[in-house]
Amino acid sequence: MTSSSFVPPRGDAILIVDFGSQVTQLIARRIRELSLYSEILPYHGVTPEFVSRFSPCGIILSGGPDSLSISEREAPSIDGAILDMGIPVLGICYGMQLMGILCGGRVVRSGHREFGSTTIRIEGSSPFFSGVWSKGETPTVWMSHGDKVESLPLGFESIASSANAPYVAFAHEEKRLYGVQFHPEVHHTPQGGVLIENFARNVCKARSSWTMPSFRDMAVGKIRESIPRGKRVLCALSGGIDSMVTAKLLHEAIGDRLVCVYVDNGLMRKDETEEVESLFRDHFSVPLDVCREEERFLSRLSGVEDPEQKRKIIGHTFIDVFEERALHHGSIGYLAQGTLYPDVIESVDVRGSSSSTIKSHHNVGGLPERMDLELVEPLRELFKDEVRLLARELSLPDRFVSRHPFPGPGLAVRIPGGVTKARCDILREADAIFIESLRRAGLYDEVWQAFVVLLPVRSVGVMGDDRTYAYGCVLRAVTSVDGMTAACASLDMKFLQGVANDIINSVEGINRVTFDLTSKPPGTIEWE
């Protein structure tokens, strides 16, 4: 299977080598915010040969949970020859320690671990610190480490220290190799983004090429090149912005050779199908094939409670429907999906196994071999906020562009436990009340994503003089930039109480409402 993707000009991309840090994605975000292209790859796939082909203008080694000071445990690494290829490299936390070891230094277990806000001292000048810190200053940064570099490799100089670590930052200016023990990618490090910009622009000499107009042109060109004239593309529409933008790009590239299929699987939000049909009728000049498959999806989900199993069943059932529609329409050679970068990242373990995958995504992982189709995923390198920028570039209506994200598996991952039509109907009504309340209060656009979760437990309540025994539900509302990290949205208590009253009074089957305060991490935005 193949996928359409953005290809940056040679020597104009930052390669991020992932060693399993929870905040690796933030490094990519900081680079993208500079209109520069970045790509995250797991460490085991980054060889000197690959780096030579990829031809990045710079490399960043991420942090990670492993220890380089415990000799009996094999820690993730890369070929040290990569550091001698003449490409600037920045090591962050674990990445710094690995760089130190690969270049001949020594890493030991620290007698005093540093987690959280830490004061450091700037020991020397460097292009990496340009315009941010000068020698003798004592800025505050964000630390998260238990090991430390005890001795510097030959040719490296200390450019920052802390009370507990003599080498908080080091540099080999001639080779353009830099390491920092702290995390400049997190917002807890003031001016950390400027440090990353210094590395990208001043050291790597990266040029701005990552804009939505440039991505649009490249994506459309790539689609045209990869799809022969005699073949048509079936675009799998979920009703969300990702698949709609995918369809719009494809329509620009191949015109009426695009076949759009929307599956109403019974797991959609209230009035979702009608909204999708309306949008297509008003803004697309291609017909929409609407498949009403509620019975098929819900029957296959019957009795299934494990969230991963639910996701896989939904993904396989989607494939079955799309396979049938491809045969119906004929001459279909490709299946297009709105897969995003976070989908790919969360579905792949950095060690190349499935043991610590956060969650599988219904649209990640390729297609069954029996399907004689190629996979087209033109948004595979984009974060959610970038998709919204592209949607506006493609002139999609703002009402649709600003809609909150909706998961591919739909309401199934908002109903922990078994999924039934009755539970979906209850959840649909409660969710619609919450969303409409946010709109009326002028809060909808201030929240990244909001929804209701229907709990698999019931509790006793009193309505009038009658005892009730009904479901509880959870209001979830978060703020975010790209969905990779998120914080609980600060909603007024009176507003929440009003929503709770409206749900309990209007939705038969719910008698208790709670509010989720969890951030991401440690939680995920969706419950399953």
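Structural data are supplied above this passage.
Throughout what follows, the structure given in this document is the object of discussion.

With respect to the environment of Leu373
Okay, so step 1: Looking at the element boundaries, Leu373 is found in the loop between helix 10 (341-347) and strand 14 (374-376).
Okay, so step 2: On the accessibility criterion, Leu373 (9% relative accessible area) is buried.
Okay, so step 3: With 125 residues separating them in the primary sequence, Leu373 and Lys248 have C-alpha atoms 20 Å apart.

What about the side chain of His183?
Okay, so step 1: Structurally, His183 is set in the loop between strand 9 (177-180) and helix 4 (192-203).
Okay, so step 2: At 2.9 Å, the side chain of His183 forms a polar contact with the side chain of Glu185.

As for the nonpolar core
Okay, so step 1: Ranked by size, the top nonpolar core spans 123 residues in total, and within it Phe434, Leu491 and Ile503 carry the most contacts.
Okay, so step 2: When sequence neighbours within four positions are dropped, the list of residues in contact with Phe434 reads Ala450, Phe451, Val452, Leu475, Arg476, Ala477, Leu491, Phe495 and Val499.
Okay, so step 3: Among the nonpolar cores identified, the runner-up in size contains 40 residues, and Val132, Ile159, Phe383 and Met484 belong to it.

Structural notes on helix 9 (residues 307-329)
Okay, so step 1: Under the 1.5 Å per step criterion, the end-to-end length of helix 9 is 33 Å for 23 residues, consistent within 8% with the ideal 33 Å.
Okay, so step 2: Between the side-chain oxygen at the start of helix 9 and the backbone nitrogen of Glu308 there is a gap of 3.2 Å, and the oxygen is on Asp306.
Okay, so step 3: Taken from the residues just after helix 9, Gly330 is the one with a positive phi, measuring 75 degrees.

What about the packing of aromatic side chains?
Okay, so step 1: Per the counting criterion, the structure on display carries 12 aromatic pairs.
Okay, so step 2: Taken together, a centroid distance of 5.7 Å and an interplanar angle of 45 degrees make the contact between Phe128 and Phe129 tilted. When sorted by exposure, Phe128 lands in the same class as Phe129, which is buried.
Okay, so step 3: Residues Phe156 and Phe170 carry aromatic rings whose centres are separated by 5.0 Å and whose planes lie at 70 degrees to one another, so their mutual orientation is edge-to-face. Of the two residues, Phe156 is situated in the loop between strand 6 (140-151) and strand 7 (157-162) and Phe170 in strand 8 (residues 169-172); the sequence distance between them amounts to 14 residues.

Section: the pattern of salt bridges
Okay, so step 1: Going through the model one piece at a time under the given rule, you end up with 29 salt bridges.
Okay, so step 2: Residue Arg414 pairs with Glu526 through a salt bridge whose shortest N-O separation is 2.8 Å. In this pair, Arg414 is assigned in the loop between helix 12 (398-401) and helix 13 (421-440) and Glu526 in the segment after strand 18 (510-515), connecting sequence segments 112 residues apart.
Okay, so step 3: Taking the relative accessible area as the measure of exposure, Glu526 reaches 7% and is therefore buried.

Thresholds applied
- Residues numbered from 1 in each chain as written.
- Predicted model: local features only at pLDDT ≥ 70, side-chain atom pairs only at ≥ 80, totals over all residues.
- Heavy atoms only, no water.
- Helix = DSSP H or I, 4+ residues; strand = E, 2+ residues; numbered from the N terminus.
- Buried < 20%, exposed > 50% of the residue type's maximum accessible area, 1.4 Å probe, protein only.
- Polar contact = N/O pair within 3.5 Å; in protein donor to acceptor, adjacent residues only side chain to side chain.
- Core = buried A, V, L, I, M, F, W, Y, C linked by side-chain atoms within 4.5 Å.
- Contact = heavy atoms within 4.5 Å.
- Expected span 1.5 Å × (residues − 1).
- Phe/Tyr/Trp six-rings, centres within 6.5 Å; stacked < 30°, edge-to-face > 60°.
- Salt bridge = Lys/Arg side-chain N within 4 Å of Asp/Glu carboxyl O.

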